[in-house]
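# Results of the structural survey
As a plain string of letters, each chain reads:
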Amino acid sequence: MRTAIQAGFLLAIVGMPIVYLMYFFVLNDFKNKLITLNKDAWDRFVGIGAPQNLENAYRALQQSSKGQLAGIALCDEVMLARKEAARLLYVAMSLFMLVLAVGLTEAVLHK
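Summarised in this report is the structure supplied together with it. Counting restarts for each chain, with residues numbered from 1 along the sequence as it is written. Under the rules for a predicted model, residues below a pLDDT of 70 receive no local features and side-chain atom pairs below 80 are neither given nor counted, while totals for whole chains, interfaces and linings still include all residues. With hydrogens and water stripped out, all remaining heavy atoms of the structure feed into the side-chain values.

### Structural notes on the packing of helix α1 (residues 2-37) against helix α4 (residues 76-109)
Taken N-terminus to C-terminus, the directions of α1 and α4 make an angle of 155°; their axes are 7 Å apart at the nearest point. Between α1 and α4, the angle falls in the class roughly antiparallel. When the axes of α1 and α4 are compared, the crossing they make is left-handed. Under the grouping applied here, Gly and all other residues not named as nonpolar or charged are polar, the nonpolar ones being Ala, Val, Leu, Ile, Met, Phe, Trp, Tyr, Cys and Pro and the charged ones Asp, Glu, Lys and Arg. Here the contact of α1 with α4 is composed, by residue class, of 27 nonpolar, three polar and seven charged. Here the axes come from fitting lines to C-alpha atoms, over the contacting stretch only for helices, and the angles between their N-to-C directions go from 0 to 180 degrees. Working definition: helices are DSSP H or I runs of at least four residues, strands are E runs of at least two. Numbering for both runs from the N terminus. Orientation categories follow fixed angle ranges, with anything under 35 degrees roughly parallel, anything over 145 roughly antiparallel, 65 to 115 roughly perpendicular, and all other angles oblique. Crossing handedness: left-handed means the near helix sits turned counterclockwise from the far one by under a right angle, and right-handed means the same turn made clockwise.

### A short note on a nonpolar patch on the surface
Put simply, a patch holds well-exposed residues, over 30% relative accessible area, that have no salt bridge, with like charges counted together within 9 Å and Val, Leu, Ile, Met, Phe, Trp or Tyr side chains within 5 Å. To measure how exposed things are, a 1.4 Å probe is used in the Shrake-Rupley method; for residues, cover is taken only from the protein chains shown. By salt bridge we mean one thing: a side-chain nitrogen of Lys or Arg within 4 Å of a carboxyl oxygen of Asp or Glu. A surface patch of nonpolar side chains, amounting to about 340 Å² of accessible area, comprises Ile-13, Val-14, Ile-18 and Met-22. Following the sequence through the fold, Met-22 ends up in helix α1.

### Examining helix α3 (residues 54-63)
Looking at α3, one finds that the buried residues are Asn-56, Ala-57, Ala-60 and Leu-61. Buried residues of α3, viewed axially, fall in a sector of 145°; they line one side. Turned more than 90 degrees from where α3 packs its buried face, Glu-55 and Gln-63 sit exposed. Note on exposure labels: buried denotes an accessible area under 20% of the residue type's maximum, exposed denotes more than 50%, and partly exposed covers the range between, all computed with a 1.4 Å probe on protein chains only. Of all possible arcs, the one meant is that of the directions from the helix axis to the C-beta atoms.

### Some details on helix α2 (residues 39-46)
Residues of α2 that are buried include every one of Ala-41, Trp-42, Asp-43, Phe-45 and Val-46, and no others. Where α2 is buried, its residues touch α1, α3, β1 (68-69) and β2 (72-73). Phi turns positive one or two residues past the end of α2, at Gly-47, with a value near 100°. Contacts were defined at the residue level, with two residues in contact if any of their heavy atoms lie within 4.5 Å.

### Concerning the pattern of salt bridges
The full count for this structure, using the stated rule, is three salt bridges. Measuring nitrogen to oxygen at the nearest pair gives 3.9 Å for the salt bridge that ties Glu-77 to Lys-33. Of this pair, Glu-77 sits in helix α4 while Lys-33 is found in helix α1, placing the two residues 44 residues apart along the sequence. Owing to a relative accessible area of 44%, Glu-77 belongs among the partly exposed residues under this scheme. Overall, Lys-33 belongs to the partly exposed group, its relative accessible area being 22%. The partner of Asp-43 in a salt bridge is Lys-39, and the shortest N-O contact between them spans 3.4 Å. In this pair, Asp-43 and Lys-39 are both assigned in helix α2, four residues apart and thus about one turn of the helix distant. When salt bridges that share partners are traced, they join Asp-29, Lys-33 and Glu-77 into one network.

Shown next, in the form of structure tokens:
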């Protein structure tokens, strides 16, 4: 059992940066599709001339869960990119929590 936990810990440690990197690429893709296909929603959400950075993309990701951003319906391609980004974020957060839980458990058990 201990070997399985250690193997899971190592896989999570190795996989976490890879999944986070993938998430940031997909988040950037979401932002680019949002700007290209729903420019009016992006401009209304962040303001005209606002920076097109990942911080604004993350905020847009959070606010667009119901298919709308700033009261404007988003197209299917943007919503698909949003779904992919959200999925990768959840996987990355889960891997982080696994690393945290196993690390803390090992520290407590071997104190």
